[in-house]
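An overview of the molecular structure
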Amino acid sequence: MAKIKHNNFLDTVDEVITNAKEAGVVHLNAEGRKLNGRKITINGKSSYHFGTTGYLGLEQDERLKSAGIDAIRQYGTQFPLSKTYISHPLYAPLEDKLLRMYGHPIIITKNSTLGHLAVIPTAVREGDAVILDHQVHWSVQSATEVLKSRGIPVRMIRHSNMEMLERYIKDLRSKVDKIWYMADGVYSMYGDYAPLEELIELSKKYPQLHLYIDDVHGMSWKGKHGSGYVMSVLKELPQNILLFGTLSKTFGASGAVLVCPDEKLHKKIKNFGGPLTFSAQLEPASVAAATASAEIHLSPEIYDLQSDLAAKINYFNQLLEASDLPLIHKNDSPVFYIGTGLPATGYNFVSKMMTAGFFVNLGLFPAVPVKNTGVRITISRHNELQDIKALVDAMSYYFPLALEETHTDLFKIYRSFGMSELEIPKGNFVETQVNELNLKYTNTIQKIDKKKWNSSFGGKGTFDWEGLYFLEKVFTNNNLKEHNWGFHYIMIKDKDDHVVLAASLTSALLKNDMLSNVNTSKAIEEIREQDPYYMTDIVLSLGSVFSEGAHLFSDENHALQDQAMRLFIEKLEEIKIKVGAKLIILRDFEKANPWNTFFHAQGFIAMDMPDACELTSLNWSDEESYINSLSKRSRKHFRKEIKAFEDDYTISLIKDPTPAEIDHFYSLFEQVWRHNLGINTFKFPKKLFFEMGKNPKWEFLVLGLRSNDTIPSKQAIGVMFCTNSEGTYIPSLVGMDYDYNQKFNTYRQLLYQTIKRANNLGYSKVDFGLSASFEKRKLGATLIPKVAYVQADDNFNLEALDWLRKE
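As the structure is a prediction and not an experimental result, all values here were calculated from the model. (Residues numbered from 1 in each chain as written. Predicted model: local features only at pLDDT ≥ 70, side-chain atom pairs only at ≥ 80, totals over all residues. Heavy atoms only, no water.)

Secondary structure summary: the protein chain contains 29 helices and 28 strands in total. Relative to the globule expectation of 28 Å for 807 residues, the C-alpha radius of gyration of the protein chain, 31 Å, shows essentially globular dimensions. For the protein chain, the C-alpha atoms occupy an extent of roughly 90 × 65 × 50 Å along the three principal directions. Counting every position in the protein chain, which comprises 807 residues, the buried fraction comes to 59%. Roughly 33,600 Å² of accessible area belongs to the protein chain as shown, and the carbon and sulfur atoms make up 50% of that amount. Averaging the locations of the 92 positively and 97 negatively charged side chains of the protein chain gives two centres separated by 3 Å. (Helix = DSSP H or I, 4+ residues; strand = E, 2+ residues; numbered from the N terminus. Rg over C-alpha atoms; globule rule 2.2 N^0.38 Å. Buried < 20%, exposed > 50% of the residue type's maximum accessible area, 1.4 Å probe, protein only. Areas by Shrake-Rupley, 256 points an atom, 1.4 Å probe, with all protein chains shown as cover. Lys, Arg positive; Asp, Glu negative; His and termini not counted. Charge placed at Lys NZ, Arg CZ, Asp CG, Glu CD.)

Given below as structure tokens:
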């Protein structure tokens, strides 16, 4: 599981946008001395414009243009003064018209982003809580950040998941006053709607529930007086709703508007709503244009405009229905989303469409999950019917070409959006022949030749043939579901039986916070006391939570390496659906690796992992030689913190422990497990340790304290559970009595004794794995930055954990 860091997010967004920019589909510049809404010129080419959010085309209405021009001539380009002191003369008429449109008190803001920053911290009080829809607009999510510093809990639910929302309401209602649920009226990517009727029923059932709805994409083209989608459904706003509309986008001007039925709250927000007090007010031209638009909205003409747009939306829907284009969400909004699945396919398709003379928007991370990349198309009144027909014809022609060139198909796209089921062969051994490559899949290592497997993985960790056979025995046929893993082995060979790619994977129930911030895991573990499987999912991962290292072998010199990797990714998708996994994690890659761009194009996000630690400076003849291999500071640390305590310990090696010894060692392991929320896994079963005791490749390096007045002789207070693979010694797990660790430096002593043991046995490397890298480095270990690549059904788990981390 990848470490969740803010830098991961920023780096991933930077890479996504950079790739899209290099593909020529974002950060573009419109050209020309005039715009008309129907066409737009980019790189010297005139294209039909299917990317506007001015759905009614009012930004090109001559009445709005004239009003703006007249306002500049009469009042200047701006009125540079806070509206708290005085508003320029055009404000009052606009406010009056907006009040008539909505029938409730309103507040005009500079834009919706500043509006949310003004309203949310004022409306949400200490003692309240906030629940965010996973897909609510970024401007709303960003505005709730400030609430964290005030101790206000902020939670996130899966998109429009009313069952999850009610569960959170039940959990919070005895702890807080108001519970604010924040959502969009019309979502900006897929064009789907908030389930308003269900939300109103929930608010009746739970009077603490208040709704905060951003309806900027529902404005004008829907509702009485063009008051938006939310008003078209509710007709009247109850006192427990705050509604945001827009004066830009399809309204045709600039600014945003808050509708607040609660007059007392309206007064508080207007008196001091952050940016409302300290930001400049809307320019006279913007207010004048908005006033002209409001007059249209208050006239019967608005319904003619709505009908005209609705006819074009309906026509587009009819054409799409007759095509094979993968429309992700059918609705009657002007926003449509054609799924491409992979970013590479999205880049390719949008580029082809722009070359053909059609400007459309690429939907990409972080607005959508990486594997849910697609093309957002908006329909406006500027588009003529023949333009819409030409668009669908062009998409129908270029879409299959984009799929072919990026090695995907419609079935994979539907699958990536969860819109189809995959029939997978039921056998345990499957062969797939693709050109000159042969893929073999099995769910047991026993069906793979030991010599062939170890030629790729021997000496790399606990996932050589013997290590995997051991894990299969331990993590099958157990009582608890978290202790029953699925094992998956993939080997891809060329026609000469040469291994091009090989990998071991497991599918297992994991905690979503496995490598999250410790405080995040503490908060979640409190919930798990009542709900043990809260925020857990089946994950398909390279390796397992027990093993660490390079679980994927790829022959970098083979001509078919890229083709083999693509075949491997396709097989992962099949396995993922068969086992019901929510995530695929390709882990333990070195940070500098050649696959980064490829994995991103396949829908994976790069996430930092803890550094791996390995020690290779072995084969020293005596302790002094080892000490001399350390840095000056580490030598001082060794003598003071490790060597000074060595005589306090008894050291023994046990290869055939008694049941009583296993019980005691397991209790020491449990202490470490409870203290190690930085790697928050389910506790391993005791069966694991009994199997270690039976297996000749495992040994228990045990530390006891010499006899004194407080502890019996040789009672174990520390144990390292060790195995090996060819020339590598592997301390896999540790157990300690924390009552003695601080006084006697037990953990440091265990690390040193492990190094001594590996050297005495003649091993060339100690694989210390992840975590505690600071302590391991002081003993001579090299730190290797690692990265994982994560492909999720959606971004929900990562983002929900991020909210908990910030709290």
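Here we take up the confidence of the model for the protein chain. Summary statistics for the protein chain give a mean pLDDT of 90 and a share of 94% for residues scoring 70 or more. When the criterion is pLDDT under 50, residues 1–6 qualifies, and its contacts beyond four places in sequence or with other chains add up to 27 contacts. Predicted confidence for residues 421–429 stays below pLDDT 50, and this span has 19 contacts to residues more than four positions away or in other chains. (pLDDT = per-residue confidence, 0-100. Contact = heavy atoms within 4.5 Å.)

Among the surface-exposed residues, L81, Y85 and I86 lie close enough to one another that they form a single nonpolar patch of about 340 Å² accessible area. With respect to the element layout, Y85 can be found in the loop between α2 (62–75) and α3 (91–102). (Patch = residues over 30% accessible without salt bridge, like charges linked within 9 Å, V, L, I, M, F, W, Y side chains within 5 Å. Salt bridge = Lys/Arg side-chain N within 4 Å of Asp/Glu carboxyl O.)

The next thing to look at is the sheet that holds strand β14 (residues 373–378). The strand order across the open sheet formed by three strands is β11-β14-β13, and the pairing between neighbours is antiparallel. In this open sheet, the two strands that pair with only one neighbour each are β11 (335–341) and β13 (361–363). Ignoring which end each strand starts from, the neighbouring axes of this sheet average 30° apart. In the sheet, β11 pairs with β14 via six bridges, with the strands oriented antiparallel. Among the inter-strand pairings, I338 is bridged to a residue of β14, identified as V375. This element, helix α15 (residues 385–405), spans β11 and β14 of the sheet and lies at about 10° to β11. (Pairing = 2+ DSSP bridges. Axes fitted to C-alpha atoms, helices over the stretch in contact; angles between N-to-C directions.)

Let's shift gears to the sheet that holds strand β3 (residues 45–49). Pairing in this open sheet of four strands is mixed, and the strands run β1-β2-β3-β12 from one edge to the other. Edge positions in the sheet fall to β1 (30–31) and β12 (358–359), since each of these pairs with one other strand and no more. Strand direction decides the pairing type here: β3 and β12, joined by two bridges, are parallel. Paired with H49 across the two strands is F359, which belongs to β12.

Right, let's talk about the packing of aromatic side chains for a bit. Aromatic rings considered in pairs are described by the distance between their centres and by the relative angle of their planes. What the rule picks out here adds up to 40 aromatic pairs. Seen from their ring centres, Y533 and F682 are 6.0 Å apart, and the 50° between their planes marks the pair as tilted. Placement of Y533 in the loop between α19 (518–528) and β19 (536–542) and of F682 in the loop between α24 (659–675) and α25 (686–694) is noted, with a sequence separation of 149 residues between them. Note on Y533: relative accessible area 28%, which makes it partly exposed. Residue class for F682 comes out buried when judged on its relative accessible area of 14%. Sitting over the face of the ring of Y91, K83 holds its NZ or CZ atom 4.7 Å from the ring centroid. The residue whose ring lies beneath K511 is F682, and the NZ or CZ to ring-centre distance is 5.1 Å. (Phe/Tyr/Trp six-rings, centres within 6.5 Å; stacked < 30°, edge-to-face > 60°. Lys NZ or Arg CZ within 6 Å of the ring centre and 35° of its normal.)

To continue, consider a positive patch on the surface. Taken together, K632, R633, K636 and K640 make up a surface patch of like positive charges. Within the secondary structure, K640 sits in helix α23 (residues 632–641). According to the relative accessible area criterion, K640 is exposed, its value standing at 56%.

Where side chains of opposite charge bring their charged atoms close, a pairing between them can arise. Counted under the stated rule, the structure contains 42 salt bridges. Between D497 and K452 there is a salt bridge, with its nearest N and O atoms 3.6 Å apart. Of this pair, D497 sits in the loop between β17 (486–494) and β18 (499–511) while K452 is found in helix α17 (residues 450–457), placing the two residues 45 residues apart along the sequence. The class of D497 is partly exposed, set by a relative accessible area of 40%. Residue K452 is classed as partly exposed on the basis of its relative accessible area, which comes to 23%.

Side chains on a regular strand alternate between the two faces of the sheet. Counted residue by residue, strand β5 (residues 129–133) has five buried out of five residues, so it is predominantly covered. Along β5, one buried face is formed by A129, I131 and D133 and the opposite face, lined by V130 and L132, is buried too. Summarising the sheet, β5 and strand β7 (residues 179–184) pair through four bridges and their orientation is parallel. Counted as the bridge partner of I131 is Y181 from β7. As judged from the four bridges shared by β5 and strand β6 (residues 154–157), these two strands associate in the parallel manner. Across the sheet, the residue bridging to D133 is I157, located in β6.

Further remarks concern the state of the cysteines. By the definition in use, this model includes zero disulfides. Here C613 stays unpaired: no disulfide links it, and the sulfur of C722, its closest cysteine neighbor, is 15 Å away. Exposure remark for C613: the relative accessible area of 1% places this residue in the buried category. (Disulfide = S-S within 2.5 Å.)

Positionally, G363 belongs in strand β13. On a C-alpha basis, the gap between G363 and I338 in space is 9.2 Å, while along the polypeptide they are 25 residues apart.

Before going further, it helps to examine the side chain of N19. Its location among the elements puts N19 in helix α1 (residues 6–22). Here N19 falls in the buried class, since its relative accessible area comes to 16%. Here H600 takes part through its side chain, which lies 3.4 Å from a polar atom of the side chain of N19. Not counting the four nearest positions on each side in its chain, N19 is found in contact with Y347 and H600. (Polar contact = N/O pair within 3.5 Å; in protein donor to acceptor, adjacent residues only side chain to side chain.)

Here the focus is the environment of W485. Looking at the secondary structure, you find W485 in the loop between α18 (465–474) and β17. Under the relative-accessibility criterion, W485 is labelled buried at 8%. A sequence separation of 251 residues divides W485 from L234, and the C-alpha atoms of the two residues are 49 Å apart. Here W485 is in contact with F475, T476, T506, S507, A508, S544, V545, F546 and F684, once residues within four sequence places are set aside.

Before going further, it helps to examine unusual backbone geometry. Its identity as a non-glycine residue notwithstanding, D497 has a phi of 70°, on the positive side. Although it is not a glycine, E726 sits at a positive phi angle of roughly 50°.

On to the environment of A288, then. Considering the arrangement of structural elements, one finds A288 in helix α12 (residues 284–297). The class of A288 is buried, set by a relative accessible area of 10%. Here the alpha-carbon distance between A288 and G252, two residues 36 residues apart in the chain, equals 11 Å. Contact partners of A288, with chain neighbours within four places excluded, come to A67, G68, A71 and L90.

Now for α23. Listed as buried for α23 are S634, H637 and F638. Seen from one end, α23 has its buried residues packed into an arc of 100°, which puts them on one side. Facing away from the buried side of α23 by more than 90 degrees, the exposed set consists of K632, R633, K636 and K640. (Arc of directions from axis to C-beta.)

Counting residues in each nonpolar core, the largest one holds 162 residues, and the members touching the most others are I377 and M395. Top contributing element to this core by residue count: α15, with eight residues. Contact partners of I377, with chain neighbours within four places excluded, come to F50, F316, P334, V335, F336, I338, V360, L391 and M395. Counting 33 residues, the second largest nonpolar core, distinct from the first, contains L701, L705, L750 and V766. (Core = buried A, V, L, I, M, F, W, Y, C linked by side-chain atoms within 4.5 Å.)

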